[in-house]
Amino acid sequence: MSDFSGMEDLLQDFLVEASDMLSGVDNKLVDLEKNPNDRNLLNDIFRGFHTIKGGAGFLNATHLVTLCHLTENLFDKLRTFEMSLSPELMDLIMAATAGVRSMFDTLERGSQPRTADPALLDGLKAALAGQLVVPAAAQGQPLGAVPTAPPPVTVAPVTVAPAPTAAPSPQPLSPKVGGASATATPDWDGLFQAVATTTPAPVASVAVAPLPPSVPAVAPQVVAAPAPAPAPAPAMPSLPVVAETPEQIIAHAVGRRTIDKPGYQGPPAGRRPEEKTRDNSIRVDTGRLDQVLNLSGEIGLTKNRLNSLRSDIINGRSDSETLHSLDQSVSQLDLLVSDLQNAVMKTRMQPIGRLFQKYPRIARDLARSLGKDVELVLVGEDTEIDKTMIEDLSDPLIHLIRNAVDHGVEPSAERPALGKPTKSEVRLEARQEGDHIVLVISDDGRGMSAERLRAKALEKGLITDEEANAMDERQSYNLVFLPGFSTKDVASDVSGRGVGMDVVKTNIQKLNGSIEIKSSPGKGSTFTISLPLTLAILPVLLVQLGNQPFAVPLSMVREILPIDIALVQEVGGRATMVVRGEVMPIYPLPFLLDWIPERTPEYGVLMQTSEHTFILAIDGFMGREDAVIKSLEDFRPKGVAGVTTLSNGQIVLILDMKELMSNLGGGRGVPRSTFIPPQALAA
Amino acid sequence: MPVDHAKIKFLVVDDFSTMRRIVRNLLKELGFTNVEEAEDGAIALQKLQAGNFEFVVSDWNMPNMDGLTLLQTVRADERLKTLPFLMITAEAKKENIIAAAQAGASGYIVKPFTAATLGEKMTKIFEKLGWT
């Protein structure tokens, strides 16, 4: 079924590398819009298409070659300033990159891409011939439009360019495009030989020698594409007929990208089927792999040492020296294995910039279609994050960015009156904080009003009057995560009907992360996502209730202290204890779990989450451990983050403290009586 | 000078790692297994000056230092000037081929190519060098 049997590895490599390159090109295009004459940018983009074309040739992806070739030629003209960049041309180029990307998607599914949109190809050819397409409504043009989208108000009437009366320019492409085979090419070998032999001493010609006058220079565009299969690209008419308006060209080309579809509402809870084959390879810095190799070698050596000690011990040697060596070797193994775990984890870490790369383009296209001027500022692209998380973060982040551009910031025209610069700024920031990765998406737009959110949720029947009155600001903002919530009466065709935000939250939670909203009306909103560094290993503290162990994340533990029940005081109905002059609420773990306490807790763990500091009252400890988290696939009881297996084989639940605390409704505290087992009360 | 093909030390120069892998695989098909890689002309030059490479297969269009400049620099270097140098070009553009020939390329090959085409080009170069 695959068009690439025998070449799967090659295809995979190509896609990983070429997709990165294309994202780079996309970003450079956004930069290019700001500095249209930057030669370095033009050169880089030219080389991007050139390189993709070269690789595509080896995959026999003829149509990809053709599309890249045309675009590359366009950039060749741009970088030599034979042509200059206009908004119309820019749109055409953007459509071409979208076309290339959609071909990558086809390749990813294991099939050869079909020919690019003929309208796009014609547009490129026309542009190459110097007949710049159509003086179309470049501003406010719905780049991501689907046919159902209502026309934006700002669209100017579309006029088809009159065909130039005189078209002296030569045909930009040889009619042989794609049809040339090795035998049909001119005698390049002969030419090479002729030049090579007539050049006296190649050694001497260090500088680029001028062309000998006998060899006429040939326009670079006259090129036979070196493709073995014939391409259905039509022979170039000397006066290209612009069959479609650029809008149509672009809408066709761009519309194929799922994420660009305005109706796209974020991913369904499961993975999309076509994504199954996606990106199952990873690029790893060789230094990191070397470290893994080193450590596994060392572990091998230690294993040999243990083997020989084992036979010594089996043979009856148990003197102190042997036991000391055993002790040493086991400690060493312990150290090495944890180093290895870290090293392996590091191979999965990828700079989040790879993900960010795609966004400036998305933001730009969307902003243009809405008549807004938005700059997406990226910060902290070097921040590293687990590869699985990068993939799963992609959709939620796209959604948040689209929301910020669509709902967050005001149209350029409205901003000066509000005392804001015409250009709005959306920031996407990543940083590591301790063992967490924090992602912040903020905008300088309208902001949200807690009151309006509550009113809306009430009107939609999502909350009751009573609930609305009890809500603080933070809780009100969180209303946007409710399924079916949307503040827009008429859903925008761009970022959906409020179906997305609950999916965003679910996706983030699946990664053991959390999302918070801060907003101030008139000034903008900030979405803060906090994620664990990795999904794989979690240092935990093992606590006990009776004989039952539970694991709590060590990152939250500040200290462990004994609890003297006599010192537990009730302040305003909540049990508290004074720790170095600070009054802390105490929560007995049985109470949080809805268990009936069997004895009075003896120990407390002082814990800190982002919102609360409190003492968790427990019966005892077992120590700390690096838990390898196994998630509970379909079954996830509230307050349980996952399970892990102890060294003795026992299965332990890992508690999600944040979720357990939310059971208490904002951490208002529990009465002292909850500490005392019922039988003790009865006695 | 008869040469054991398997031992010839190659340097494959390309900024696109997929392409380096392709070239490396094609060379392997032809029985050339002693292959190292460089990501651009500048890195290639360092490697060439440091190690005793016997054959260069280089892409043309690369950042930092392109293939043509690499070729010219190699030809100007007393110790490297006789190094066989096969230039890979993306298309059969006349002026590219002329420039490569004038700069002293031992041969050129147009993308995409098969092991057979590559083998043919190499045989020609070997013949000229008397390495058969």
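Residues numbered from 1 in each chain as written. Chains lettered and ligands numbered in written order. Predicted model: local features only at pLDDT ≥ 70, side-chain atom pairs only at ≥ 80, totals over all residues. Heavy atoms only, no water.

## Quick notes on the pairing of strand β15 (residues 613-618) of chain A
Residue and element names in this part refer to chain A.
Next, step 1: Of all 6 residues making up β15, 5 are buried, and the element is well covered by its neighbours.
Next, step 2: In this sheet, β15 lies alongside strand β13 (residues 582-588) in parallel orientation, the contact comprising 3 bridges. Residue pairing for β15: proline 588 is matched across the bridge by alanine 617.
Next, step 3: The sheet contact formed by strand β14 (residues 603-608) and β15 spans 6 bridges and is antiparallel. Of the residues in β15, the one forming a bridge with leucine 606 is isoleucine 615. (Buried < 20%, exposed > 50% of the residue type's maximum accessible area, 1.4 Å probe, protein only. Helix = DSSP H or I, 4+ residues; strand = E, 2+ residues; numbered from the N terminus. Pairing = 2+ DSSP bridges.)

## As for the confidence of the model for chain A
Residues and elements named next belong to chain A.
Next, step 1: Mean pLDDT for chain A: 75, with 74% of residues reaching 70 or above.
Next, step 2: Element-level mean pLDDT values for chain A span from 42 in helix α7 (residues 246-255) up to 92 in helix α8 (residues 286-314).
Next, step 3: Confidence drops under a pLDDT of 50 for residues 199-277, and excluding neighbours within four residues, the segment shows 153 contacts in the predicted structure.
Next, step 4: Long-range and interchain partners of residues 489-499, a stretch whose pLDDT sits below 50, account for 27 contacts in this model, where long-range means more than four residues apart. (pLDDT = per-residue confidence, 0-100. Contact = heavy atoms within 4.5 Å.)

## Focus: the packing of aromatic side chains
Residue and element names in this part refer to chain A.
Next, step 1: Applying the stated criterion across every chain yields a total of 12 aromatic pairs over all chains.
Next, step 2: Geometrically, the ring pair formed by phenylalanine 14 and phenylalanine 104 is edge-to-face, given 5.9 Å between the ring centres and 85 degrees between the ring planes. Of this pair, phenylalanine 14 sits in helix α1 (residues 8-34) while phenylalanine 104 sits in helix α4 (residues 87-108), placing them 90 residues apart in sequence. Neither residue differs from the other here; phenylalanine 14 and phenylalanine 104 are each classed as buried. (Phe/Tyr/Trp six-rings, centres within 6.5 Å; stacked < 30°, edge-to-face > 60°.)

## Looking at the sheet that holds β15 of chain A
All names here are of chain A.
Next, step 1: The mixed open sheet is built from 6 strands, whose spatial order is β10-β14-β15-β13-β12-β11. A single partner strand is all that each edge strand has here, and the edge strands are β10 (557-562) and β11 (569-571). The sheet shows a mean angle of 40 degrees between the axes of neighbouring strands, direction not considered.
Next, step 2: Across 5 bridges, β10 lies against β14 in antiparallel orientation. Paired with glutamate 559 across the strands is leucine 606, a residue of β14. (Axes fitted to C-alpha atoms, helices over the stretch in contact; angles between N-to-C directions.)

## A closer look at a nonpolar patch on the surface
Next, step 1: A cluster of nonpolar side chains, namely Val571, Val578 and Val583 of chain A, defines an oily patch on the protein surface of about 250 Å² accessible area.
Next, step 2: Mapped onto the elements of the fold, valine 578 of chain A is located in strand β12 (residues 574-579). (Patch = residues over 30% accessible without salt bridge, like charges linked within 9 Å, V, L, I, M, F, W, Y side chains within 5 Å. Areas by Shrake-Rupley, 256 points an atom, 1.4 Å probe, with all protein chains shown as cover. Salt bridge = Lys/Arg side-chain N within 4 Å of Asp/Glu carboxyl O.)

## Observations concerning the packing of helix α1 (residues 17-29) of chain B against helix α5 (residues 115-129) of chain B
All names here are of chain B.
Next, step 1: The interhelical angle for the contact between α1 and α5, taken along N-to-C directions, is 70 degrees, at an axis separation of 9 Å. Between α1 and α5, the crossing angle belongs to the class labelled roughly perpendicular. Residues Leu26, Leu27 and Glu29 of α1 form the contact with α5, whose own contacting residues are Ala115, Leu118 and Met122.
Next, step 2: The class makeup of the residues in the contact of α1 with α5 is 5 nonpolar, no polar and 1 charged. (Parallel < 35°, antiparallel > 145°, perpendicular 65-115°, else oblique. Nonpolar A, V, L, I, M, F, W, Y, C, P; charged D, E, K, R; others polar.)

## A word on the pattern of salt bridges
Next, step 1: Per the stated rule, a full pass over the model turns up 38 salt bridges over all chains.
Next, step 2: Through salt bridges with shared partners, one network takes in Asp26, Glu33, Asp91, Arg101, Arg361, Arg364, Asp365 and Arg368 of chain A.

## Side note on the sheet that holds strand β4 (residues 85-89) of chain B
Residue and element names in this part refer to chain B.
Next, step 1: Reading across the sheet, the 5 strands line up as β2-β1-β3-β4-β5 and stay open at both edges, with parallel pairing between neighbours. Two strands in the sheet have a free side with no partner beyond their single neighbour: β2 (35-38) and β5 (107-110). Across the sheet, the mean angle from the axis of one strand to that of its neighbour is 20 degrees, orientation sign disregarded.
Next, step 2: Examined bridge by bridge, strand β3 (residues 55-59) and β4 share 4 bridges and lie parallel to one another. Bridge pairing links valine 57 to leucine 86 in β4.
Next, step 3: Together, β1 (10-13), β3 and β4 form the strand contacts of helix α3 (residues 67-76), whose direction differs from that of β4 by roughly 165 degrees.

## Section: the nonpolar core
Next, step 1: Core analysis: the largest hydrophobic core is formed by 69 residues, its most contacted members being Phe14, Leu64, Phe75 and Phe104 of chain A together with Phe55 of chain B.
Next, step 2: At 11 residues, α4 of chain A tops the list of elements feeding residues into this core.
Next, step 3: Setting aside residues no more than four positions away along its own chain, phenylalanine 14 of chain A makes contact with Ser19, Ile52, Gly55, Ala56, Leu59, Leu64, Phe104 and Leu107 of chain A together with Phe16 and Thr18 of chain B.
Next, step 4: Formed by 51 residues, the second largest nonpolar core is a distinct cluster that contains Met349, Leu366, Ile390 and Tyr477 of chain A. (Core = buried A, V, L, I, M, F, W, Y, C linked by side-chain atoms within 4.5 Å.)

## Describing α5 of chain B
All names here are of chain B.
Next, step 1: Between the first and last C-alpha of α5 there are 21 Å, a value that for 15 residues agrees with the 21 Å anticipated at 1.5 Å per step.
Next, step 2: By the burial criterion, the buried members of α5 are Ala115, Leu118, Gly119, Lys121, Met122, Ile125 and Phe126. For α5, the arc enclosing every buried residue in end-on projection is 165 degrees, short of the 170-degree limit, so these residues lie on one face. Every exposed residue of α5 that faces more than 90 degrees away from the buried side is listed here: Ala116, Glu120, Glu127 and Lys128. (Expected span 1.5 Å × (residues − 1). Arc of directions from axis to C-beta.)

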